[in-house]
Amino acid sequence: MNAPSGGLPSGTEGGSPPLTKPSPTAAPTRAQRRVGELVFAMLVIGLGVFALVGVFSIRVPAGARVGPTLFPVFVSIILLAAGVAVLISVLRGHLGTPEESEDTDPNARTDWRTIAIILALLMAHLLLLEYIGWALAATLLFGGTAWALGTKRWWLGFVVGFIVGVLVQILFGELLGLSLPLGPVLGWLAPLI
């Protein structure tokens, strides 16, 4: 049996295994994972409560076939149920299995700039909804989010956002009898809805 160059046997030939450098980020401990999952469950429950409380501030137009509170109540209940289910599961000791994925980088840092941009776009959407209308607010949110996430053809996000915004505006107005604000630019759509 020949020894590799340098005269030392390799780890597979009976010698000591080669030294490996420890990874700079160790896997989170079970306690850290538990805290993370508890925080996640509480955030989901908090979001469900926030959505449910917000339902009571929605104005229901007289004579609406399906009230505008139906979908938000449905989403709130799902959020609350999912959050409580995760909370109970974590408290019983059942933790999620960490994903072993080859396309993620465990050493990558969180891109706080992108998160801040998307949150700002969401707030702008909510604040501008009454002033510029649903379709344009959705265009801003959709296209801005695509741009923030680094799409190469950023303008396409705005085009798709506008088309989807107008379609939702018409479908919700025609099929559900809900009135999403048109805004000054799309006021000409009022006879269609």
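Now for a description of the structure that goes with this document.

Conventions we followed
- Residues numbered from 1 in each chain as written.
- Predicted model: local features only at pLDDT ≥ 70, side-chain atom pairs only at ≥ 80, totals over all residues.
- Heavy atoms only, no water.
- Helix = DSSP H or I, 4+ residues; strand = E, 2+ residues; numbered from the N terminus.
- Buried < 20%, exposed > 50% of the residue type's maximum accessible area, 1.4 Å probe, protein only.
- Contact = heavy atoms within 4.5 Å.
- Areas by Shrake-Rupley, 256 points an atom, 1.4 Å probe, with all protein chains shown as cover.
- Phe/Tyr/Trp six-rings, centres within 6.5 Å; stacked < 30°, edge-to-face > 60°.
- Axes fitted to C-alpha atoms, helices over the stretch in contact; angles between N-to-C directions.
- Parallel < 35°, antiparallel > 145°, perpendicular 65-115°, else oblique.
- Nonpolar A, V, L, I, M, F, W, Y, C, P; charged D, E, K, R; others polar.
- Left-handed = near helix turned anticlockwise from the far one by under 90°.
- Expected span 1.5 Å × (residues − 1).
- Arc of directions from axis to C-beta.
- Bend = angle between axes of the 7 residues up to and from the residue.

### Quick notes on the overall build of the protein chain
- Along its length, the protein chain carries five helices and zero strands.
- Walking the protein chain from its N terminus toward its C terminus, one meets helices and strands in the order α-α-α-α-α.
- Counting over 193 residues, the protein chain shows a buried share of 18%.
- Considering only contacts within the protein chain whose residues lie at least 6 apart along the sequence, 58% involve residues at least 24 apart.
- If you sum the accessible surface of the protein chain, you get close to 14,300 Å²; carbon and sulfur atoms cover 70% of it.

### Considering the environment of Val73
- Assignment of secondary structure puts Val73 in helix α2 (residues 70–91).
- On the accessibility criterion, Val73 (30% relative accessible area) is partly exposed.
- Taking C-alpha positions, Val73 is 7.8 Å from Ala51, a pair spaced 22 residues apart along the chain.

### Focus: the packing of aromatic side chains
- Under the criterion given, the structure shown has one aromatic pair.
- Ring centres of Trp154 and Phe158 lie 6.1 Å apart, and the angle between their planes is 80 degrees; on these two criteria the pair is classed as edge-to-face. With Trp154 and Phe158 both in helix α5 (residues 154–176) and four residues apart, the pair spans about one turn of that helix.
- When its relative accessible area of 45% is taken as the criterion, Trp154 is described as partly exposed.

### Considering the packing of helix α3 (residues 112–132) against helix α4 (residues 134–148)
- Viewed as axis vectors pointing N to C, α3 and α4 meet at an angle of 170 degrees, and their least axial separation amounts to 8 Å. Between α3 and α4, the interaxial angle falls into the category roughly antiparallel. Every residue of α4 that contacts α3 at Arg113, Thr114, Ile117, Ile118, Leu121, Leu122, Ala124, His125, Leu128, Leu129 and Ile132 is listed here: Trp134, Leu136, Ala137, Ala138, Leu140, Leu141, Gly144, Thr145, Trp147 and Ala148.
- Partitioning the contact of α3 with α4 into residue classes produces 16 nonpolar, four polar and one charged.

### Focus: the packing of helix α1 (residues 30–55) against α2
- Closest axis-to-axis distance for the α1/α2 pair is 8 Å, and the angle between their directions is 155 degrees. Of the possible angle classes, the one that applies to α1 and α2 is roughly antiparallel. Judged by the twist between their axes, the crossing of α1 over α2 is left-handed.
- Residues that form the contact of α1 with α2 fall into these classes: 20 nonpolar, three polar and two charged.

### Brief notes about α2
- The terminal C-alpha atoms of α2 lie 32 Å apart, and with 22 residues this matches the ideal 32 Å at 1.5 Å per residue to within 8%.
- Among the residues of α2, Ser76, Gly83, Leu87 and Val90 are the ones counted as buried. The buried residues of α2 occupy an angular sector of 75 degrees when projected down its axis, which confines them to one face. The outward face of α2, more than 90 degrees from its buried face, is lined by the exposed residues Leu70, Phe71, Phe74 and Ile77.
- Summarising the contacts, the buried residues of α2 are in contact with α1.
- In the segment just after α2, Gly93 is the residue with positive phi, at about 100 degrees.

### Examining the environment of Ile118
- Here Ile118 lies in helix α3.
- According to the relative accessible area criterion, Ile118 is partly exposed, its value standing at 26%.
- A C-alpha to C-alpha distance of 9.7 Å links Ile118 and Phe142, two positions 24 residues apart in sequence.
- Ile118 has contacts with Thr145, Ala148 and Leu149, leaving out every residue within four places of it along the chain.

### Quick look at α3
- With 21 residues, α3 extends 28 Å between its outermost C-alpha atoms, agreeing within 8% with the 30 Å of an ideal straight helix rising 1.5 Å per residue.
- The sharpest bend along α3 measures roughly 35 degrees and falls at Leu126.
- When α3 is considered as a whole, its buried residues turn out to be Thr114, Ile117, Leu121, His125 and Leu129.
- Elements in contact with the buried residues of α3: α4.
- The positive-phi residue at the C-terminal boundary of α3 is Gly133, with phi of around 95 degrees.

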